[in-house]
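Chain by chain, the residues run as shown.
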Amino acid sequence: ATRGDGYVGEDVTANLAMILPPALPHAPDMLEVRGEVYMTHENFLALNRQREADGQSLFANPRNAAAGSLRQLDAAITKERKLHYFVYGWGEVSTPLGATQADSMVALEKLGLATFGKLFRTSWQIPIYIAASLDNANAFYEDMFKLRPTLKYGLDGVVYKINHLEWQRRLGEVGRAPRWAVARKFPAERAKTRVERIMVQVGRTGALSPVAMLSPVNVGGVMVARASLHNEDEIARKDVREGDMVIIQRAGDVIPQVLGVDEKERPPGARPFTFPDHCPVCGSLAFREEGEAVRRCTGGLVCDAQAVERLRHFASRGAMDIEGLGEKQVAAFWQDGLIHAPADIFSLPQRQEALMAREGWGKKSVENLARAIEQARTRPLSRFIYALGIRHIGEITAKLLARHYGSFAAWEKAMRQLAEEDAEAMVELDAIEGIGGSVVESLRDFFREPHNRKVIADLAAVLHIQDEEIPRHGDTPLAGKTIVFTGSLARMTRAEAKARAESLGAKVASSVSAKTDYVVAGEDSGSKATKAAALGVAVLSEEEWLKMAAL
């Protein structure tokens, strides 16, 4: 399966069977490996030559080509694309592979899987290197950067990992990222091109975002025609003007950004850009709050741009994931009055005749959209919260909220109480580890607006919002419990303790409330331990915590 959002991905078994070994005779009973599928530069160029000859659109880069090839409905097409793979890690295993990262990679290679080491020994030139010091690691990075142009495929950096697996386990993870690994990217490739004009777009939260519309230029094998200018302060700091020759790069080899201006090539008469103080879409005042870099449209519900962007976000892959309902389709449906609010999307399957009458829409495409919409009626709470597009609520924050409240009913009730200034609801929300004041304020403001409450009610009537599953490692005494850590721990850092608690299915809070199950008190524990005692919450010593956490 693809990694998807980290919880749900796509089943690509039939396609991977085209490039993986047919069997691993000596594998343990359970073996989950994690790896990457890639396409060489040579095969990428050959694929695009063939597509051009066939009158088909070209792939922008090998990465997109590999991803698209892996998601084909016909596995025979995947086989024709000449993909390769390598394994870089593992998940569930019934028998330990080794005590270190390097030993485990060697074990995977001996089972018959392609790894970095195997690629290196067959002249692919990507080694695994065990660094004895940070200087060694940095020297390896420099060597790989010099080697990069000679490789047969794209490479954007090096990953540093802690070798000892027990240390990896202790360090744990936060959000999507492990604390025991970090990617060090290579400097991005750069190019020079002209700014044809500067356009200001309006996002779903009303943010006015300036974009440089460029004379198309090739940057690292990708044609770039636009780049974000971030905000009005950045435009002023770099003094970017329409007609300027600018230096651009793709940050992380992905996102185009303007680095600066070549003032020697500035055309005569080029004027400093004047940032609008009114929304370019609805004409409402665009206000910039004190301390913020972003100017926002105050039009709210009357601003078409915000409404369309919210709908796009709602249907996007990380949110409700409605395949076939992309940016162009959402904008067109909005323009023609087919959808105005998120719940309208779920009435589209009943309007198939109207859809088939549209240019470019046939029976098959309409049926596919209807199927995708029906599938999107069932989504977990975290996706639903994220899909609402509430300011400051990204995917990670949405998961934190969903895991804490568990069900839609509990979350929605707590948010209504928050909007009514219920002190207990505010304390409970603020106590969630990772939830700050800006998130509390955004949720309160969102639920104060009657229109937003109606949007949620309308969606709840047509959706099945699943309870959030809390990741658990077996049946542990901490599963589903809320824990607060206070004071200094002797055997581990607070970050390590938090990671261990979460891995055992616990929820970690930052403050003590009546809903706290345990307070782990280290040295100098202070007021949290005192409050726990007053509320009758169990207080654990560090030794009791270590025993409960099986450490």
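Note that the structure is a prediction, hence the values are computed from the model and not measured.

**Some details on the overall build of the protein**
Reasoning step 1: Within the protein, the secondary structure is distributed over 22 helices and 19 strands.
Reasoning step 2: For the protein, the C-alpha radius of gyration of 26 Å lies close to 24 Å, the compact-globule estimate for 551 residues.
Reasoning step 3: Taken along the three principal axes of its C-alpha coordinates, the protein extends 70 × 65 × 55 Å.
Reasoning step 4: Expressed as a percentage of the 551 residues in the protein, the buried residues total 42%.
Reasoning step 5: Contacts in the protein between residues at least 24 apart in sequence constitute 62% of all its contacts with a sequence separation of at least 6.
Reasoning step 6: Of the roughly 29,400 Å² of accessible surface on the protein, 51% is carried by carbon and sulfur atoms.
Reasoning step 7: Of note, the protein has its 70 positive side-chain charges centred 3 Å away from the centre of its 72 negative side-chain charges.

**Structural notes on the pattern of salt bridges**
When their charged atoms lie close together, side chains carrying opposite charge are able to pair.
Reasoning step 1: Scanning the model with the defined rule gives 26 salt bridges in all.
Reasoning step 2: Of the charged contacts, one joins Lys-192 and Asp-262 as a salt bridge, the two residues approaching to 2.7 Å between their closest N and O atoms. Of this pair, Lys-192 sits in strand S7 (residues 190-202) while Asp-262 sits in the loop between strand S11 (255-261) and strand S12 (286-287), and the two are 70 residues apart along the sequence.
Reasoning step 3: A relative accessible area of 40% means that Lys-192 is categorised as partly exposed.
Reasoning step 4: Measuring nitrogen to oxygen at the nearest pair gives 2.9 Å for the salt bridge that ties Arg-377 to Glu-374.
Reasoning step 5: Owing to a relative accessible area of 18%, Arg-377 belongs among the buried residues under this scheme.
Reasoning step 6: Look at Glu-374 and you get partly exposed, because its relative accessible area is 37%.
Reasoning step 7: Salt bridges here are not isolated pairs; linked through shared partners, they connect Glu-232, Asp-233, Arg-288 and Arg-295.

**What about the pairing of strand S16 (residues 482-486)?**
Regular strands show a simple pattern: their side chains alternate between the two faces of the sheet.
Reasoning step 1: With respect to burial, S16 is a largely interior element, five of its five residues being buried.
Reasoning step 2: Side chains of S16 alternate between two faces, with Thr-482, Val-484 and Thr-486 and Ile-483 and Phe-485 buried alike.
Reasoning step 3: In the classification by handedness, the crossover that spans S16, the intervening helix H20 (residues 494-503) and the parallel strand S17 (residues 507-509) is right-handed.
Reasoning step 4: When S16 meets strand S18 (residues 518-521), the two strands line up parallel, connected through four bridges. Looking at the pairing, Ile-483 lines up with Tyr-518 of S18.

**Examining the nonpolar core**
A general feature of soluble globular proteins is that nonpolar side chains tend to end up buried together.
Reasoning step 1: If you look at the biggest cluster of nonpolar residues, it comprises 56 residues, and the most contacted ones within it are Ile-322, Leu-401, Trp-411, Leu-429 and Leu-443.
Reasoning step 2: At the level of elements, helix H10 (304-315), helix H11 (327-335), helix H13 (363-375), helix H14 (381-387), helix H15 (395-405), helix H16 (408-419), helix H18 (437-448) and helix H19 (450-462) are the ones that each hand at least two residues to this core.
Reasoning step 3: Each residue touching Leu-443, except ones within four places of it in the same chain, is listed here: Ile-390, Ile-393, Leu-401, Trp-411, Met-415, Leu-418 and Leu-429.
Reasoning step 4: In this structure, Val-261, Cys-279, Ala-286 and Cys-303 belong to the second largest nonpolar core, which totals 25 residues.

**With respect to unusual backbone geometry**
Reasoning step 1: With a phi close to 70°, His-230 is a non-glycine residue in the positive phi region.
Reasoning step 2: Here His-230 lies in the loop between strand S9 (222-228) and helix H9 (232-238).
Reasoning step 3: For His-230, a relative accessible area of 39% translates into the label partly exposed.
Reasoning step 4: The backbone of Asp-321 sits at a positive phi, close to 55°, despite the residue not being glycine.
Reasoning step 5: Among the secondary structure elements, Asp-321 is positioned in the loop between H10 and H11.
Reasoning step 6: Judged by relative accessible area, which is 29%, Asp-321 ranks as partly exposed.

**Here we look at the sheet that holds S17**
Sheet strands pair via backbone hydrogen bonds, and the direction of the pair is either parallel or antiparallel.
Reasoning step 1: With parallel pairing, the four strands of this open sheet are ordered in space as S17-S16-S18-S19. A single partner strand is all that each edge strand has here, and the edge strands are S17 and strand S19 (538-540). Recorded for the sheet is a direction-independent mean angle of 30° between the axes of neighbouring strands.
Reasoning step 2: Across the sheet, helix H21 (residues 527-535) is in contact with S16, S18 and S19; its angle to S16 comes to roughly 140°.

**Section: the packing of aromatic side chains**
Reasoning step 1: Counted according to the given criterion, the structure contains 13 aromatic pairs.
Reasoning step 2: Each ring, one from Tyr-38 and one from Tyr-153, has its centre 5.1 Å from the other, and the planes form 55°; the classification is tilted. In this pair, Tyr-38 sits in strand S1 (residues 31-38) while Tyr-153 sits in the loop between helix H7 (134-147) and strand S3 (157-161), placing the two residues 115 residues apart along the sequence.
Reasoning step 3: With a relative accessible area of 9%, Tyr-38 lands in the buried category.
Reasoning step 4: Overall, Tyr-153 belongs to the buried group, its relative accessible area being 5%.

**What to know about helix H17 (residues 423-430)**
A turn of α-helix holds 3.6 residues, and therefore any two residues three or four places apart point the same way.
Reasoning step 1: When we look at burial in H17, the residues that qualify are Ala-425, Glu-428 and Leu-429. In a view along the axis of H17, the buried residues occupy a sector of 95°, so they form one face of it.
Reasoning step 2: Next to the buried residues of H17 lie H15, H16 and H18.
Reasoning step 3: With a side-chain oxygen positioned 3.2 Å from the backbone nitrogen of Glu-424, the residue opening H17 is Asp-422.

**Looking at the packing of H10 against H11**
Reasoning step 1: One way to put it is that H10 packs onto H11 with a least axis distance of 9 Å and a crossing angle of 135°. What the angle tells us is that H10 and H11 run oblique. Crossing handedness for the pair H10 and H11: right-handed. Mapping the contact onto sequence places Asp-304, Ala-307, Val-308, Leu-311 and Arg-312 in H10 and Glu-327, Val-330, Ala-331 and Trp-334 in H11.
Reasoning step 2: The residue makeup of the contact of H10 with H11, split by class, is six nonpolar, no polar and three charged.

Here is what the cut-offs are and how they apply
- Residues numbered from 1 in each chain as written.
- Predicted model: local features only at pLDDT ≥ 70, side-chain atom pairs only at ≥ 80, totals over all residues.
- Heavy atoms only, no water.
- Helix = DSSP H or I, 4+ residues; strand = E, 2+ residues; numbered from the N terminus.
- Rg over C-alpha atoms; globule rule 2.2 N^0.38 Å.
- Buried < 20%, exposed > 50% of the residue type's maximum accessible area, 1.4 Å probe, protein only.
- Contact = heavy atoms within 4.5 Å.
- Areas by Shrake-Rupley, 256 points an atom, 1.4 Å probe, with all protein chains shown as cover.
- Lys, Arg positive; Asp, Glu negative; His and termini not counted.
- Charge placed at Lys NZ, Arg CZ, Asp CG, Glu CD.
- Salt bridge = Lys/Arg side-chain N within 4 Å of Asp/Glu carboxyl O.
- Right-handed = clockwise from strand over helix to strand, strands pointing away.
- Pairing = 2+ DSSP bridges.
- Core = buried A, V, L, I, M, F, W, Y, C linked by side-chain atoms within 4.5 Å.
- Axes fitted to C-alpha atoms, helices over the stretch in contact; angles between N-to-C directions.
- Phe/Tyr/Trp six-rings, centres within 6.5 Å; stacked < 30°, edge-to-face > 60°.
- Arc of directions from axis to C-beta.
- Polar contact = N/O pair within 3.5 Å; in protein donor to acceptor, adjacent residues only side chain to side chain.
- Parallel < 35°, antiparallel > 145°, perpendicular 65-115°, else oblique.
- Left-handed = near helix turned anticlockwise from the far one by under 90°.
- Nonpolar A, V, L, I, M, F, W, Y, C, P; charged D, E, K, R; others polar.

Just geometry here; none of it tells us what the structure is for.
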